[in-house]
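Coordinates in review
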Amino acid sequence: MEFRYFMPVKTFFGRDCIGKNCSEFLLLGKKALIVTGKSSAEKNGSLADVKKALESVKISYAHYNKIEPNPSVEEVREAALFAKKSGVDFIIGIGGGSPLDAAKAIAILTANDIDDDTLYSGVYKNRPLPIAAVPTTAGTGSEVTPYSILTYNKINNKKSIGCDSIFPAAAFLDYAYTSTLSSETTINTAIDALSHAVEGYLSARATDIIKPYAIESIRLIGECIPELKKNTLKDEVREKLLYASMLAGIVIAHTGTTAVHAMGYPLTYHKNIDHGRANGLVLYHYLKFLEPSIEKVRHIIDALGMKSTDEFGNAIDKLLGDRETLSEAELELFTKTAMTAKNISNTVPQPDEKDIRKIFEESFKR
Ligand code: NAP
Ligand code: FE
C-alpha cells in the first residue's frame, strides 16, 4: 500500500459552529477581508454570524461582496486590490464555491504581485494569506480542498489552481445556512458533490485511505436523492448533504476530478450551465462508458442503493429535467476543450477524443 494523505483544514461542523468557536479567528490575523457573493450571505445569516464572531474577539474587517458565480481572474484581481487597500491580513470566504474559490485566489494575489501564469503555477514567493471558509451550498467541498477554479477568459474556459498553500486554515460548516437555497441550486450542488465522490473513487489517484470517504459520501447522497425534488428539505437532509459534500471535498483534495469535470467546464463557460448541472448532464454516460471495463462502477451503484446504472440514469434525468441541446460546432469545440483539461489524465481507462465526443453525444441526444 502506498499513499499520501494530507488534510490540514481545522474543521468545525454543527449548528452555530461559528458562534461557538469565535476565538479561532484570532489565530488567523488582525484584520479580515470577508468575501461574499452579491446577496445570499446576508439572507442566510452566515454573514451576520461571522461579523458577530469577529466583533466579539475585536477583529476588524472589510467586506467585498461583488463575487459572481464562476468568478474570473479579472474579478479576483480587482478584489485583491481592494484587500491590499484595506490592509487585511487574512481572508474569510462565505458562500458557495464561487466566493470560496475567489477567497483563495485573493489570498494568493494579496500577498504576491504576479502574472496569470504564475497565479496558475501554484508556486508563490510569499505565502498566501490565511483563509477561513464558510460554505453555504452543499456541493463543492471547496472548504476542504486546495483548489481555486477560475474562469480564464484567455483560454475561453475554466481552469483550476491547485496548491497546498490555499487549503483553508479553518472551515465552519453549519447546515442552517443552506436552508435558503432554491430547489434548483440544492439539486445542482448535490450533483456536484456526488460527481466529486464518484470521480474521486474512479480516479487513477484513488487510494485505499480515501475510497471509504467516497463510498460514504455516495451512500449519503443516495439516501437524499428521493428527497431532492421536494420543496422543503428537512434539517437532517440538509445536514447530510453538507456532510457528504465535505467528505467528497476531502476525496477530490487527494484524487482530483476526472473527465466529468473536464467536460463540464466548457458547458459552463460557453452555455452558462451551472457547474453541478453541467457535471450531472454527462455523469451517467461517463459511467456507461466505464462500466464494461471498470468493476468499481458496480460499487458506486451499490452504494447509491440502486440496482443498475440505468436506474441511476433515470434518477438523474428526473432531477435535471429537460436537457440543453448542443450544435455540431459546440460538440466539436467542447470535445477539443475537454481533451486539453488536466483532469482527463486522472481518468481510467484514458478516454480519447472519440470517447469524449461519444459521451457528449449520448448525453445530449434528443
Ligand atoms: P455558487 O456559484 O457559489 O453560487 C450559485 C448561486 O447560489 C449564487 O447565485 C449564490 O448567490 C447562491 N447561493 C449560495 N449560497 C446560497 C444560500 N445559502 N441560499 C441561497 N442562495 C445561495 O455555487 P456553487 O455551485 O457552490 O459553486 C460553483 C463554483 O465552485 C464553480 O466556479 C465551480 O467551478 C467551483 N468548484 C470548486 C471546487 C473546489 O474544489 N474548489 C469544486 C467544485 C466546484 P450569491 O451570489 O448572492 O452568493
Ligand atoms: Fe465540482
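Keep in mind that what you see is a predicted model, and the values were worked out from it rather than measured.

1. With respect to the state of the cysteines
Taken as a whole and judged by the stated rule, the model has zero disulfides. Free of any disulfide, C17 has its nearest neighbouring cysteine sulfur in C22, separated by 11 Å. The class of C17 is buried, set by a relative accessible area of 3%. Considering cysteine sulfurs only, C17 is the nearest to C224, which forms no disulfide, with 19 Å between them.

2. Re the coordination of the iron ion (ligand 2)
Protein ligation of the iron ion (ligand 2) involves D192 (OD), H196 (NE2), H261 (NE2) and H275 (NE2), the donor distances falling in the range 2.1 to 2.2 Å. Each of the four donor atoms around the iron ion (ligand 2) contributes to a set of angles spanning 81 to 166 degrees, which defines the coordination as irregular. Mapped onto the sequence, the donors of the iron ion (ligand 2) take the spacing D-x3-H-x64-H-x13-H. Of this pair, D192 sits in helix α7 (residues 183–202) while H275 sits in helix α11 (residues 275–290); the two residues are 83 residues apart in sequence, bridging distant segments of the chain. Each of the two residues, D192 as well as H275, counts as buried.

3. Concerning the pattern of salt bridges
Within this structure, the stated rule accounts for 25 salt bridges. One salt bridge connects E332 with R357, and the closest N-O pair in it is separated by 3.1 Å. Of this pair, E332 sits in helix α14 (residues 328–340) while R357 sits in helix α15 (residues 353–363), placing them 25 residues apart in sequence. Residue class for E332 comes out partly exposed when judged on its relative accessible area of 36%. Three or more residues are tied together by salt bridges with common partners; here these are E328, E332, K336, E353, R357 and E361.

4. As for the pairing of strand β5 (residues 131–135)
By the criterion of burial, β5 is predominantly enclosed, with five of the five residues buried. Alternating positions in β5 separate into two faces, I131, A133 and P135 on one and A132 and V134 on the other, with burial throughout. As judged from the five bridges shared by strand β4 (residues 90–95) and β5, these two strands associate in the parallel manner. In the sheet register, I92 faces β5, and the bridge partner there is A132. Examined bridge by bridge, β5 and strand β8 (residues 170–173) share two bridges and lie parallel to one another. Residue pairing across strands places A133 opposite A171, the latter belonging to β8.

5. Observations regarding empty space enclosed by the protein
Summed over the entire model, instances satisfying the criterion amount to two cavities of 30 Å³ or more. By volume, the largest cavity amounts to about 40 Å³. Breaking the lining of the largest cavity down by element, the ones donating at least two residues are α7 and α9 (235–255). Tallying contributions element by element places α7 first for the lining of the largest cavity, with three residues.

6. Section: the site of ligand 1
Residues in close proximity to ligand 1 total 29 residues, the closest being S40, S98, D101, T137 and T180. Within the complex, the protein chains bury 87% of what would otherwise be the 940 Å² of accessible surface of ligand 1. Counting only elements with at least two residues in the shell around ligand 1, the list comes to α5 (97–111), β6 (147–152) and α7. Per element, the largest residue contribution to the shell around ligand 1 is five residues, and it comes from α5. A class-by-class count of the residues in the shell around ligand 1 yields six nonpolar, 18 polar and five charged.

7. Looking at the packing of α11 against α15
For any two helices packed against each other, the geometry comes down to the angle between their axes and how far apart the axes lie. Their axes nearest at 9 Å, the elements α11 and α15 cross at an angle of 125 degrees. For the element pair α11 / α15, the angle class is oblique. Regarding α11 and α15, the two cross each other, and that crossing is right-handed. For the pair α11 and α15, the contacting residues are L281, V282, H285, Y286 and F289 in the first and D355, I359, F360, E362 and S363 in the second.

8. Details of the packing of α7 against helix α13 (residues 309–320)
Interhelical geometry of α7 versus α13 gives an angle of 150 degrees and a closest axis separation of 10 Å. For the element pair α7 and α13, the recorded crossing hand is left-handed. Contacts between α7 and α13 involve I187, I191 and L194 on the former and, on the latter, F312, I316, L319 and L320. Grouping the constituent residues of the contact of α7 with α13 by class yields seven nonpolar, no polar and no charged.

How each quantity is defined
- Residues numbered from 1 in each chain as written.
- Chains lettered and ligands numbered in written order.
- Predicted model: local features only at pLDDT ≥ 70, side-chain atom pairs only at ≥ 80, totals over all residues.
- Heavy atoms only, no water.
- Disulfide = S-S within 2.5 Å.
- Buried < 20%, exposed > 50% of the residue type's maximum accessible area, 1.4 Å probe, protein only.
- Donors = N, O, S within 2.8 Å, 3.2 Å for Na, K, Ca; no water.
- Tetrahedral: all angles 85-135°; square planar, octahedral: opposite > 155°, others 65-115°.
- Helix = DSSP H or I, 4+ residues; strand = E, 2+ residues; numbered from the N terminus.
- Salt bridge = Lys/Arg side-chain N within 4 Å of Asp/Glu carboxyl O.
- Pairing = 2+ DSSP bridges.
- 1 Å grid on protein atoms, 1.4 Å probe; cavity = no way out; pocket = protein on both sides within 12 Å on 5 of 7 lines; lining within 4 Å.
- Points joined across faces, edges and corners; volume = space filled by probe spheres on them.
- Near = heavy atom within 4 Å.
- Areas by Shrake-Rupley, 256 points an atom, 1.4 Å probe, with all protein chains shown as cover.
- Nonpolar A, V, L, I, M, F, W, Y, C, P; charged D, E, K, R; others polar.
- Axes fitted to C-alpha atoms, helices over the stretch in contact; angles between N-to-C directions.
- Parallel < 35°, antiparallel > 145°, perpendicular 65-115°, else oblique.
- Left-handed = near helix turned anticlockwise from the far one by under 90°.
- Contact = heavy atoms within 4.5 Å.

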